[in-house]
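Examination of the molecular architecture
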Amino acid sequence: MSESQNKQSTNGDDTRIALVTGANKGIGLETARLLGETGATVLLGARDPERGSAAERDLRDEGSDVHLVALDVTDQQSVKAAAARVESEFGRLDVLVNNAGAALGFGAAPSTSDPDQLRTLLDLNTVSVVTVTNAFLPLLRRSAAGRVVNVSSEVGSIGSMTDPEGPFFGMSGSPAYPVSKTAVNMLTALYAKELADTSVKVNAANPGFCATDLNGHSGPRSARQGALVSLHLANLPEDGPSGVLWGHLASAQDPESYGVLPW
Ligand SMILES: NC(=O)c1ccc[n+]([C@@H]2O[C@H](COP(=O)([O-])OP(=O)(O)OC[C@H]3O[C@@H](n4cnc5c(N)ncnc54)[C@H](OP(=O)(O)O)[C@@H]3O)[C@@H](O)[C@H]2O)c1
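Scope of this entry: the structure provided in the associated data block.

Here is what the cut-offs are and how they apply
Residues numbered from 1 in each chain as written. Predicted model: local features only at pLDDT ≥ 70, side-chain atom pairs only at ≥ 80, totals over all residues. Heavy atoms only, no water. Helix = DSSP H or I, 4+ residues; strand = E, 2+ residues; numbered from the N terminus. Contact = heavy atoms within 4.5 Å. Expected span 1.5 Å × (residues − 1). Buried < 20%, exposed > 50% of the residue type's maximum accessible area, 1.4 Å probe, protein only. Axes fitted to C-alpha atoms, helices over the stretch in contact; angles between N-to-C directions. Parallel < 35°, antiparallel > 145°, perpendicular 65-115°, else oblique. Left-handed = near helix turned anticlockwise from the far one by under 90°. Nonpolar A, V, L, I, M, F, W, Y, C, P; charged D, E, K, R; others polar. Near = heavy atom within 4 Å. Polar contact = N/O pair within 3.5 Å; in protein donor to acceptor, adjacent residues only side chain to side chain. Areas by Shrake-Rupley, 256 points an atom, 1.4 Å probe, with all protein chains shown as cover. Salt bridge = Lys/Arg side-chain N within 4 Å of Asp/Glu carboxyl O. Phe/Tyr/Trp six-rings, centres within 6.5 Å; stacked < 30°, edge-to-face > 60°. Pairing = 2+ DSSP bridges. Right-handed = clockwise from strand over helix to strand, strands pointing away. Core = buried A, V, L, I, M, F, W, Y, C linked by side-chain atoms within 4.5 Å.

1. Focus on the side chain of Thr131
With respect to the helices and strands, the residue Thr131 is situated in helix α5 (residues 115-140). Not counting residues up to four positions away in its chain, the partners in contact with Thr131 are Val73, Gln76 and Val79.

2. Description of helix α7 (residues 176-194)
Taking 1.5 Å as the rise per residue, α7 with 19 residues should run 27 Å; its terminal C-alpha atoms sit 27 Å apart, in good agreement. Those residues of α7 that sit buried are Ala176, Tyr177, Pro178, Ser180, Lys181, Val184, Asn185, Leu187, Thr188, Tyr191 and Ala192. In the core, the buried residues of α7 are packed alongside α5, β5 (147-151), α6 (158-161), β6 (201-206) and β7 (245-248).

3. Considerations on the packing of α5 against α7
At a closest axis distance of 8 Å, the pairing of α5 and α7 adopts a crossing angle of 20°. Our classification of the angle between α5 and α7 gives roughly parallel. Relative to α7, α5 is oriented so that their crossing is right-handed. Residue-level contacts link Gln117, Leu118, Leu121, Leu122, Asn125, Thr126, Val129, Val130, Thr133 and Asn134 of α5 to Ala176, Tyr177, Val179, Ser180, Lys181, Ala183, Val184, Leu187 and Tyr191 of α7. For the contact of α5 with α7, the per-class residue count stands at 12 nonpolar, 6 polar and 1 charged.

4. Considering the site of the ligand
Near the ligand there are 28 residues, and of these Asn24, Arg47, Arg51, Tyr177 and Thr212 occur at the shortest range. In this structure, an oxygen atom belonging to the ligand sits 2.8 Å away from a main-chain N or O atom of Cys210. The protein chains hide 94% of the 900 Å² of surface that the ligand would expose on its own. Residues that form the shell around the ligand fall into these classes: 11 nonpolar, 11 polar and 6 charged.

5. Description of the pattern of salt bridges
Enumeration over the complete set of coordinates arrives at 13 salt bridges. Put simply, Arg33 and Glu30 hold a salt bridge, and the shortest N to O gap is 2.7 Å. Of this pair, Arg33 and Glu30 both sit in helix α2 (residues 26-37), 3 residues apart, which is roughly one turn of that helix. Glu30 sits in the buried class, given a relative accessible area of 14%.

6. Considerations on the packing of aromatic side chains
In the structure shown here, the tally under the stated rule is 1 aromatic pair. Their ring planes at 20° and their centres at 5.9 Å tell us that Trp246 and Tyr258 sit as a pair that is stacked. With Trp246 in strand β7 and Tyr258 in strand β8 (residues 258-261), this pair connects stretches of sequence that are 12 residues apart. With respect to class, Trp246 is no different from Tyr258; both count as buried.

7. What about the pairing of strand β3 (residues 65-70)?
Direction of pairing for strand β2 (residues 41-46) relative to β3: parallel, over a ladder of 6 bridges. Bridge pairing links Val42 to Val66 in β3. A crossover connection joins β2 to the parallel β3 through helix α3 (residues 49-61); in handedness this β-α-β unit is right-handed.

8. Side note on the environment of Lys80
Structurally, Lys80 is set in helix α4 (residues 76-90). C-alpha separation for the pair Lys80 and Gln225, spaced 145 residues apart in sequence, amounts to 31 Å.

9. Looking at the nonpolar core
Formed by 33 residues in total, the largest nonpolar core has its most connected members in Leu35, Leu44, Leu59, Val97, Val149, Leu233 and Trp246. Every element with two or more residues in this core is listed here: β1 (17-20), α2, β2, α3, β3, β4 (95-98), β5 and α8 (223-234). Per-element accounting of this core gives the leading share, 7 residues, to α8. Within the second largest apolar cluster, 27 residues are counted, among which are Leu19, Leu137, Leu139 and Ala192.

Structure (structure tokens):
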């Protein structure tokens, strides 16, 4: 999947208004950068004003139309305030990338894992998708081509994780992160069903294993490569899919293989 392919799939001539949560660093920052480079007005969601301002400044210096939006995805009031601001300043939303997230407890097996880590990640990685999507859905419904991208992971795919021939079968560790992303996948399927008769598409993104703070920069892919997955789903044409988990295919021989993954 090349960057030019993504540019070609951009919808229409009108400037797209795109919000990315957790956009001050990592895959979210690169997603905001790519959206800006492809001509969108980018609403850069960040919970920390200083980190958010620094990212906003960087992307503006590169020529993008970027606006910092204070947004802590675990704080209902913060989410409501962000939606009210976007409504009053922009009137609609074309793209929502639910990107903010974290990982915890990769060391422990399920039988020794800490339930509090699961609670924390369900709140941050999963419940936030509902809070943010519901707050912004009225604005997305005003778009001619609304796109919701829920940043998930192949480790949230039960099909991939239980495939004895697959690359994740031998993966051990706490269930907290995979379970939080499996639930994001289910949310994606359910929102896509609910919105099937509207112009809003809802898909889950698998960025692949990318070097970011989340994993101590251990991933072999770059954050920009991961962000290209979200960009692709953000710019899906009218005949594109809704209700799929799409992105990097770890099982493929070619490291640049992309496609639909099993739930
Ligand atoms: N890296 C990978 O290999 C990989 C693979 C599959 C999926 N993903 C997913 O990709 C997404 C981005 O992860 P990343 O790898 O780019 O990690 P990252 O570099 O650690 O970035 C995470 C982002 O989420 C933000 N965030 C955390 N809690 C938040 C909250 N309560 N409200 C708003 N923002 C919050 C962080 O902000 P602060 O700076 O304020 O903490 C940061 O901007 C996550 O959903 C992750 O699960 C990553």
